[in-house]
Each structure stands twice: as structure tokens, then as C-alpha cells.
Amino acid sequence: SCFLRTACRGTSMEVMEASACPEKVSVESVESVEESRHRVKIRVQTIFAELLVTNAAPGSKTSEVGGEALKLAQTDRPLPKYFASGAPKLEMIGAVDKAAQDGAAQEQRDLLVPELCGDFFLLCMSLKERPQPPTAEDPNLDLSAATRLFGDLSPEASSRSLDAMATLAEQLLSQGCDELQSPPFLRAVMVLLSHPGLGEPGDFQALKKVLGLVGQLQRLKPAKETLIKWFSQLPLTVLENRLGQMQQFITLALLEAQGEGFTHLEDVIAMAQKDGLARHVRNALRLMDICWGANQIRLEHQQHWRTRRKAQLMRQQGQVLDDEAAQSLPLTQFHNDAINECGEGVLKHDLKEVLEMQYQHRGQYFTTIQDDRRRDFGIIEFPFVLTPVSKVRMLNIESLLLQREEMRSSMALSVYLRFSLNQNPWLVLKVRRNSIVEDALQQLAVFGRDQLKKPLKVVFDGEEGVDEGGVQKEFFQLLVEQLYNEDYGMFERIDESRNFWFNKNSFEVNLQFELFGTVLGLAIYNNVILDVHFPMAVYKKLMYGTCAKLGLQDLLDFQPSLAQGLIALLEHEDAASFQETYGPLRFVVQYECFGSVQEAELKEGGKDIEVTFENREEYVRRYCDYIFHTSVERQFNAFRKGFDQCIKDTLFRQLFRYDELELLICGSKELDFRALETAATYQDGFTKSSAPVKWFWEVVHNLSPEEKRSLLQFCTGCDRAPVGGLGRLPFILSRAGPDSDVLPTVHTCFNHLLLPDYNSKEKLESRLRLAIQHCHGFGLM
């Protein structure tokens, strides 16, 4: 360019003086002048390239940008990073865009793509939909053009472009990523990720380099937020393809490592550091985390009350909502089979590494530790790759470690104090059936947080049962039933959704609500499923506290009639008739309290503020906030405090989502007894082919759904399936002697059914039905 040639003249005083007095110029001076000119040229060129990228000036304004570059080159402005030292390849931008738009011949694209992939300036400037620069909301990337450009390259060109990409990614990473967070620069990464060759099986060298770059950007909040917004705008098929590339990379990397031994913890520790395996997997998970965030944006749009309302109206007209932005990937698509099926080796390895990191760097959360000091795979930081079953396994491992540590501490303290204090390695509760709430409250109130982490043992007063798991199951069941009892007035039943919500008029002291929260935490810690009925909003509040975003979409699942009324108010289109339709309405909520009508203001002075067409959205927002937060603040804070007594300072909130918390506490309502039959084992003379065994399963499969729940309650102490379904329930069926009139009995602690060798199917069915109708109480057998 003309301005670049001008830039090399007269910009430095040293150059000007040397040009004016050529007879005084020595060889060294000439070299100095040439070096100075070269430095000036590079400085102007890089500033010019940066200005073009950040301003995205069309060709007609190139001269203006050049003039600005000349001025800036004479200031103390830092030299821009990332750009090559040569002149910006302006003519290449047009060639690349033309090839992408016209579908140029393969030979031409084979020449252009490798050069594009190795030039940061071209990546920033090519394949745009509009001449304007990208923003944090819009990458301004013509994805269709990129697909045409990168498609069907020759193997040699694809290989050269991947090599160029790897070199560029390494250079960018070495220069630091702080300035790369700017949307005009960050766009280059989006273009690189559009190359289909990145995900092709092989040595993945280019992918590893690019993932290293993306991994560092993901740790920078502005870059991560921008990439998530950009990814959320990708077509769902493209987002799915990006996710599939990472899943394939992780799976192949782990399976290759597994071939050398990947089951035991020692094997995993050795393999995690070989060739940077753990680091590469962690970086791949970081790109998956961006995909996850993009999918969450889609999911939120899909679940928003406006989208749901629109879909409802279209269904009433016999149509289907066609909104690409309201479509999302199933969350199960983020689960990685290789990680979940590698046994406990990988889970134990990451748990060990994370616990050690948090112990060594106290006060610093493990995700903030410098990346080169980490040795974990990242599955705790990015738990979306884990199935609920794997998460429960990891939680059980952590719980077991913490319980063992607490037991050791208790026993050591007893020895140190020469048994002057009776330190029990278990958390023992002795309760009476007719005073179970009072007894539990009185005893749990004296235990500290650490003691609640001990393994639980329950003793029912006057009963001989030994608690190996079954007694505590019934303890939890009876306690929850009592706490839900209307006599306590802690909760109110919402008939529409068949859920319970906190009673805002409750006179119960905070300790009762705190006890219920502690019960939930203890149940999780001791692998007991509870029959609780809360709306999803409770689990959101338990997991996220005051950060929980609750609104109309949550009210629709909780109190649909009220939600529909508020939606009708928001959808009213005629401002003139608003007051006639909905007035007089004020910023207050009326509710009944022991027979009298009470009012609660939604904002200060709300009883004197009229709801209008203009402020109706604020009214609805404050109404929802009142229901979910303000009206039950005292009760819920105590409830969450009790819950945190058990799970605080653990990885629980890091591992589980709010919807998985419900599954963990309540189990699954889907009862697949075919899966239970497949998983069952037999003892004491019974086999799969024994006649009573065949009769038993025939009877079971013919039971009604309610009778099946009663049978499950009889055999296990709970009428819900554990996380993963009945196929993951260890169930034992044993022969309990010859034919007799004795009823079947069970060891609920071990899910162990003892069945006499009945001589007919009819007798077996009658005895079994009678047994499941009388299944309360414990004794020694």
C-alpha cells in the first residue's frame, strides 16, 4: 500500500537526519537506519492491521485507517499482539470470501485454506456476513460460507491447514490471552473451530493445540461469556457437531489409555500425566462447558413462560411451534460413556486430586488453581459429563472418606482422653414411634456438623431390630410423614400440583424447619430415598440460595391457575381497557390467616400504588418474588440451614444440578420390575429356573402399579427406585425352608426377600399379598 511505503520514510528523526547528510553516514549508520525503518514499518503495519480488525473498515476507508495508523505509530502506544510482521493481506480477504461464496474449485480452496488457518488477520477479517466488526452478542460469522470453504479439501490441504492452525494456536497462547478476549480478535477462534478436520480421528495434534487456546480463554470470564453467547446462536446441528467432536476426542483418548491399564487408582495416576492426557481431557471439557452454557441459554428460552404459552396456543390450533432458538440438546447427550464406564478409577483419581488441592491451597477453590499445577481430568469441575449414577458413586466415595475420617477422629479422641468421653464412631438416634419428631429434634440439636457426617444408626425404643440400613429407612419415612402432618402446620398442600409448600402462617419455631432440612441431608449422606413432595422451586432454592432465578415458569409447575391468571394480565393488549378488566388492583397480596384476610405489600407503600398497564410487569415480578422468597424467608432459611449442616464443605453442590437433587432425594417413580428381575440374585437353593422363583416373578408382573409400590416398600423399605432405576438395586431372593404357611419375610437392610418353597403359585400369591399389607415394625430373626 502507498501509505505503508510512506510510513517507512520520515517517521524517525534518525532516518530523516541520515537521509539529509549521506556523506556522514557510516556502514553502521546505514544498518541502523535500515533497522529503524524496518521497525517503523512493522509498527505501522501491525497497528494498521489491528485498526482494520477492530473497525472493520470497508475498502473505501482503508486510506483513512492508514492515516490513523501513521499517527498512532508515532505515539507510545504498545505494539499490537497476534498480528504477523508482514503487510496485512488485504487482497486475500476478497479471495477467501469469493471462494466461500462461489463454491470455488477444490484446487483453489486447497491453496487458500492453509494460508487462512495460519494468518490471524485473515481469520479476523474473512467470512463475514456484514462489514461491521463483531460484538459480544454477534460473531458476524457466515457459517454457511465457512462450511463451503472448508468442505471437501484434499487430504494434503487439510493436513497443511491443520498444521498451520496448530502453529498459530501455539503462537497465540504464548503471547497471552488477555487481549484475545476482545470480540474482534476472539472471532478468529470461532473460525478455527469451524474447520471440520479438527474432529477427524488421528493424533489430534491440531485439536490439542486449539483446545489449549480455548481452555485458557474459557478461564477468562469475558471470553467465556462471549463464546457462550456466540455458540447459543449456532444452529442446533452445528452445536451438536461441536459437542460430538469433543465427546469423540475424550472417548478415544481414554480408551487408548485404558488399554494400558485404567481400572485401579494407581494405573490412572500414572496414565493421567502421560502425554498430558489429563490436561487435554480437561481442555476438551472446557469447550464442552461452552457448549453446555450455550445449550442452557436455549433451554431457558424453551422453558420460559412466553415460549410455553406460545407452544400451548399453537397446539390448540393443531400446529407445532417451530422456533429454532427454543430447541435444545438433551442433557444426556453431554454424558461421556468412556468416563462413566471406566469403573471407579477415574472418579477416585479426580476426587483424590481435588481434595488434595483444596487441602494444600486452603482458602482457594480448586478451579482457580493455576492450570499447570492441576493433575485432575476436570470431571468434578464439569460434572455434566457424569450420569446421575456416577455422581452418586462419587458422592458415596466422598461420604465414605469423610465418615471414616470422622470415625477415626472420634476413636482417636477417646483413646487420647483415656475413654473419659464416650466417643461413638456412629451417629446413634434412639427414638419412640409415638414421639419421633420430638426425640429426633432433641437429639440432633446437640450434634455438631462433623458428627452428622458419621454413619447413622437408628434404634426404635422397645424394638429389637439391628440397624443395617432397614431401620433407618423406616425412621426417615415415619419422620417425614409426621413433619408433613397438618397438626404441625409447617407445610400447606397445593392440590393442583400435589406438592407441599412452606406455610407462611406457621407458628412452628425454626428448629422444626431446620430439622426437616437436616433430615434431607442425612438421607442423602446415608443413601436413603425419601417420600417428599416439593415443587422444583424448593430444589432450586436449596442448591442456589438467593441466586435462584424463580419466576412465572416455575409458578406454572407449582400453582398453574395463579400463573395463568398472571400471564393473562401480561398478555392483555388494550391499555384503555386494562383497568376495566383487572382493576382495582394494587401492589398487595391478600391471603387467609386463621380465618381472617391479611394483606402483604409487594413494595413499600404498595397498598396505595395502583397496578397499571405500564407497571404490570413489575407487579408480576414482585408477586412471584413474594411467593417464592419474601413470604417464606424465615421458614426456608431455617430449612436450608439444616440441609447445609450435612452437605456444606462437600462437593455436593459442585456435582449435582437442582433437578438431580430431586432424583437423589426422592428416587425415581418409574418402576421397571423387568430390570429388577434381570439384576436379581438367588441363594439357599433357589435359582432362576426354580418353580417358586418363576411363580414369584409372574405374580409380581401382574400386580397393579400400587401393589408393586407396596411390594417394593415391603422388600426395601422404600417404594421408589434408586438413581439409575431398579436395575441397579441389589435384590436377593432366598429359599426360606420347605413349603409352609409362613409368610415371606425380608431383611430390608439388604433388600433380601426370604420366600418359603411354596408348592403352588396360588399359595405364593396369597401369602405374598398378605405379607405386603402388614410390613411395619422390626424384630430379630
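Quick notes on the rules
The numbering scheme is per chain: residues are counted from 1 as the chain's sequence reads. Since the coordinates come from a predicted model, pLDDT governs what is reported: local features require at least 70, and pairs of side-chain atoms require 80 or more to be given and counted, while whole-chain, interface and lining totals use all residues. In computing side-chain values, all of the structure's heavy atoms are included and hydrogens and water are not. The rule is simple: put a 1 Å grid over the protein atoms alone, call a set of points where a 1.4 Å probe fits but cannot get out a cavity, call an open set with protein on both sides within 12 Å along at least five of seven lines a pocket, and count a residue as lining if it has an atom within 4 Å of a point. Grid points are joined across faces, edges and corners, and a volume is the space filled by probe spheres set on the points. Secondary structure counts use DSSP, requiring at least four H or I residues in a row for a helix and at least two E residues in a row for a strand, with both numbered from the N terminus. Note on residue categories: nonpolar means Ala, Val, Leu, Ile, Met, Phe, Trp, Tyr, Cys or Pro, charged means Asp, Glu, Lys or Arg, and polar means any other residue, Gly included. Should a side-chain nitrogen of Lys or Arg be within 4 Å of a carboxyl oxygen of Asp or Glu, the pair is scored as a salt bridge. Relative accessibility under 20% of the residue-type maximum defines a buried residue, over 50% an exposed one, and the middle range a partly exposed one, all with a 1.4 Å probe and only protein chains included. Patch definition: residues with relative accessible area over 30% and no salt bridge; like charges joined within 9 Å; nonpolar side chains (Val, Leu, Ile, Met, Phe, Trp, Tyr) joined within 5 Å. All accessibility values rest on the Shrake-Rupley procedure with a 1.4 Å probe; residue burial counts only the protein chains present in the view. Known as pLDDT, the predictor's confidence for each residue is given on a scale from 0 to 100. Contacts were defined at the residue level, with two residues in contact if any of their heavy atoms lie within 4.5 Å.

Caption draft 1: The arrangement of empty space enclosed by the protein in detail. Enumeration over the complete set of coordinates arrives at two cavities of 30 Å³ or more. In this structure, the largest cavity encloses a volume near 60 Å³. Lining the largest cavity are Phe673, Leu676, Phe696, Trp697, Val700, Leu711, Leu712, Cys715, Thr716, Leu729 and Phe731. Elements with a minimum of two residues in the lining of the largest cavity: helix 31 (673-679), helix 32 (691-701) and helix 33 (705-716). A per-element tally of the lining of the largest cavity places helix 33 first, with four residues. For the lining of the largest cavity, the per-class residue count stands at 10 nonpolar, one polar and no charged. Put simply, the second largest cavity is a space of about 30 Å³.

Caption draft 2: How the structure looks around the pattern of salt bridges. Within the structure shown, the criterion is met by 42 salt bridges. Close ionic contact of Asp557 with Arg308 constitutes a salt bridge, the shortest N to O distance being 3.0 Å. Of this pair, Asp557 sits in helix 24 (residues 552-558) while Arg308 is found in helix 16 (residues 305-316), placing the two residues 249 residues apart along the sequence. Between Arg432 and Asp439 there is a salt bridge, with the nearest N and O atoms lying 2.9 Å from each other. Here Asp439 falls in the buried class, since its relative accessible area comes to 7%. Put simply, Arg219, Arg282, Arg286 and Asp371 are held in one network by salt bridges that share partners.

Caption draft 3: Quick peek at the layout of surface pockets. Of the voids in this model, the second largest pocket is the one considered here, and its volume is about 990 Å³. Lining the second largest pocket are 35 residues, and of these Asn396, Lys473, Asn526, Asn527 and Val528 lie nearest its centre. Elements with a minimum of two residues in the lining of the second largest pocket: helix 19 (388-416), strand 2 (456-460), helix 21 (470-484), helix 22 (510-525), helix 30 (658-666) and helix 33. No other element matches the seven residues that helix 19 contributes to the lining of the second largest pocket.

Caption draft 4: Seen up close, a nonpolar patch on the surface. Taken together, the side chains of Trp426, Val428 and Val459 make up a nonpolar region of the molecular surface, amounting to roughly 210 Å² of accessible area. Tracing the backbone through its elements, the reader meets Val459 in strand 2.

Caption draft 5: Structural view of the confidence of the model for the chain. The pLDDT averaged across the chain works out to 85; a share of 90% of its residues lies at or above 70. Per-element confidence in the chain is highest for helix 12 (residues 221-232), whose mean pLDDT is 96, and lowest for helix 2 (residues 13-20), whose mean pLDDT is 38. Across residues 1-25, where pLDDT falls below 50, the model places 28 contacts with residues more than four positions away in sequence or in other chains. Contacts for the low-pLDDT stretch residues 777-781, under 50 throughout, to residues beyond four places or in other chains number 18 contacts.

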